[in-house]
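# Survey of secondary and tertiary structure
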Amino acid sequence: MQSTHITFDNLDQTGGLFTGLLRARHHHFIERHDWHLPQTRGMEFDQYDTPESVYCAIHDSEGIKAGFRLTPTTAQSINASYMLRDAQLGLLPGLPENILDEPAPRDPGIWEITRVFVSEDIPSRERRVVRREMALNLARLSRTWQVRSFLCLTSVTAALLTLKVGFDLSPAGPRFEVAGETCQAYRLAMRPAEKQLRVA
């Protein structure tokens, strides 16, 4: 199992992996969880998949095992900024405007995590290893991009699992339902001990 960080700057080397990640997102969010999201040719994508985002793919010879997307809260494209802020501004009808309990930040040291998934197709014994790898990659990326903390929109179930892999979570807004799942925005930061991990 290995991890790859994908940006628009290295698509010449990771383009196949990037499309694999979009196909894995399609399988997880649309096929398995019935989320109503943009798609084409079996790939899921949205207005936040821009050159400002950074991606992580956990994969092996059999395919994508897990992944996530990071977007700075300073992001701004033609008609979007980042998901939680746009929801708060009433630009995303499927999400509540009170999704955050305070104004959405515009801070280069705070990034948003979205499209977090771990494939249901991998054996349960591997899930802990995969989640640990995701946590280590968040630590690497936070150092590379000088991120102090994250905002994360995820299911309550997934958030509870995050507590087991070295991060402190605190609610950043109320719970709400998306496609039958209870979701919530969270603030996410590495625990002090985790900052000492060797993540290079």
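Below you will find a few notes about this structure. (Residues numbered from 1 in each chain as written. Predicted model: local features only at pLDDT ≥ 70, side-chain atom pairs only at ≥ 80, totals over all residues. Heavy atoms only, no water.)

## Considering the overall build of the protein chain
When helices and strands are counted, the protein chain shows four helices and ten strands. Listing the helices and strands of the protein chain from first to last along the sequence gives β-α-β-β-β-β-α-β-α-β-α-β-β-β. For 200 residues, the compact-globule formula gives about 16 Å, and the C-alpha radius of gyration of the protein chain, at 16 Å, lands near that figure. Its C-alpha atoms give the protein chain principal-axis dimensions of about 45 × 40 × 35 Å. Taken across its 200 residues, the protein chain has 48% of its residues classed as buried. (Helix = DSSP H or I, 4+ residues; strand = E, 2+ residues; numbered from the N terminus. Rg over C-alpha atoms; globule rule 2.2 N^0.38 Å. Buried < 20%, exposed > 50% of the residue type's maximum accessible area, 1.4 Å probe, protein only.)

## Points about the pattern of salt bridges
Per the counting criterion, the structure on display carries 13 salt bridges. A salt bridge links Arg-32 to Asp-121; the shortest N-O distance between them is 3.0 Å. Taken together, the residues span a long stretch of sequence, with Arg-32 in helix α1 (residues 11–32) and Asp-121 in the loop between β6 (110–118) and α3 (124–144) at a distance of 89 residues. Across the pair Asp-60 and Lys-65 runs a salt bridge whose closest N-O atoms are separated by 3.5 Å. The class of Asp-60 is partly exposed, set by a relative accessible area of 26%. (Salt bridge = Lys/Arg side-chain N within 4 Å of Asp/Glu carboxyl O.)

## Let's talk about the packing of aromatic side chains
Aromatic ring pairs are described here by two measures, namely the spacing of the ring centres and the angle between the planes. All chains considered together, the criterion is met by five aromatic pairs. Ring centres of Phe-8 and Phe-18 lie 6.1 Å apart, and the angle between their planes is 65 degrees; on these two criteria the pair is classed as edge-to-face. Placement of Phe-8 in the loop between β1 (2–6) and α1 and of Phe-18 in helix α1 is noted, with a sequence separation of ten residues between them. Ring geometry for Phe-18 versus Tyr-55: centroids 5.0 Å apart, planes at 65 degrees, classification edge-to-face. (Phe/Tyr/Trp six-rings, centres within 6.5 Å; stacked < 30°, edge-to-face > 60°.)

## A look at the nonpolar core
By size, the foremost hydrophobic cluster in this structure holds 33 residues, and its most contacted members are Leu-84, Leu-95, Ile-99, Leu-100, Leu-153 and Phe-176. Breaking this core down by element, the ones donating at least two residues are α1, β4 (54–60), α2 (83–88), β6, β7 (149–155), β9 (176–178) and β10 (181–190). Ranked by the residues each element gives to this core, the list is headed by α1, at six residues. If we skip the residues at most four places from it in the chain, Leu-84 touches Ile-99, Leu-100, Glu-112, Leu-151, Cys-152, Leu-153 and Ala-185. With 22 residues, the next largest nonpolar core counts Ile-113, Ile-122, Ala-135 and Leu-138 among its residues. (Core = buried A, V, L, I, M, F, W, Y, C linked by side-chain atoms within 4.5 Å. Contact = heavy atoms within 4.5 Å.)

## Looking at the environment of Arg-106
Counting through the fold element by element, Arg-106 comes out in the loop between α2 and β6. In sequence terms Arg-106 and Thr-73 are 33 residues apart; their C-alpha atoms lie 5.0 Å from each other. Setting aside residues up to four positions removed in sequence, Arg-106 forms contacts with Thr-73, Thr-74, Ala-75, Gln-76, Ser-81, Tyr-82 and Arg-85. Looking at Arg-106, its side chain comes within polar contact range of the main-chain oxygen of Ala-75, at 2.9 Å. Reaching out from Arg-106, the side chain makes a polar contact with the side chain of Gln-76 at a distance of 3.1 Å. (Polar contact = N/O pair within 3.5 Å; in protein donor to acceptor, adjacent residues only side chain to side chain.)

## Some words on the side chain of Asp-86
Residue placement: Asp-86 occurs in helix α2. With no salt bridge to any partner, buried Asp-86 finds its closest opposite charge in Arg-85, at an N-O distance of 4.5 Å. Here Ser-81 takes part through its side chain, which lies 2.6 Å from a polar atom of the side chain of Asp-86. Other than its neighbours up to four places away in sequence, Asp-86 contacts Tyr-48, Ala-80, Ser-81, Leu-91 and Leu-92. (Lys, Arg positive; Asp, Glu negative; His and termini not counted.)

## Thoughts on unusual backbone geometry
The phi torsion at Asp-34 lies on the positive side, around 60 degrees, for a residue other than glycine. Within the secondary structure, Asp-34 sits in the loop between α1 and β2 (39–40). Non-glycine residue Arg-115 carries a positive phi angle of around 55 degrees. Residue position: Arg-115 is located in strand β6.

## Remarks on the pairing of β7
Of all the seven residues making up β7, six are buried; the element is thus mostly covered by neighbouring parts of the structure. As paired strands, β6 and β7 are joined by four bridges and run parallel to one another. Paired with Ile-113 across the two strands is Cys-152, which belongs to β7. Taken together, β6, α3 and β7 constitute a β-α-β crossover, and its handedness is right-handed. As defined by bridge partners, β7 adjoins β10 across six bridges and the pair is classed as antiparallel. Residue pairing for β10: Thr-154 is matched across the bridge by Gln-184. (Pairing = 2+ DSSP bridges. Right-handed = clockwise from strand over helix to strand, strands pointing away.)

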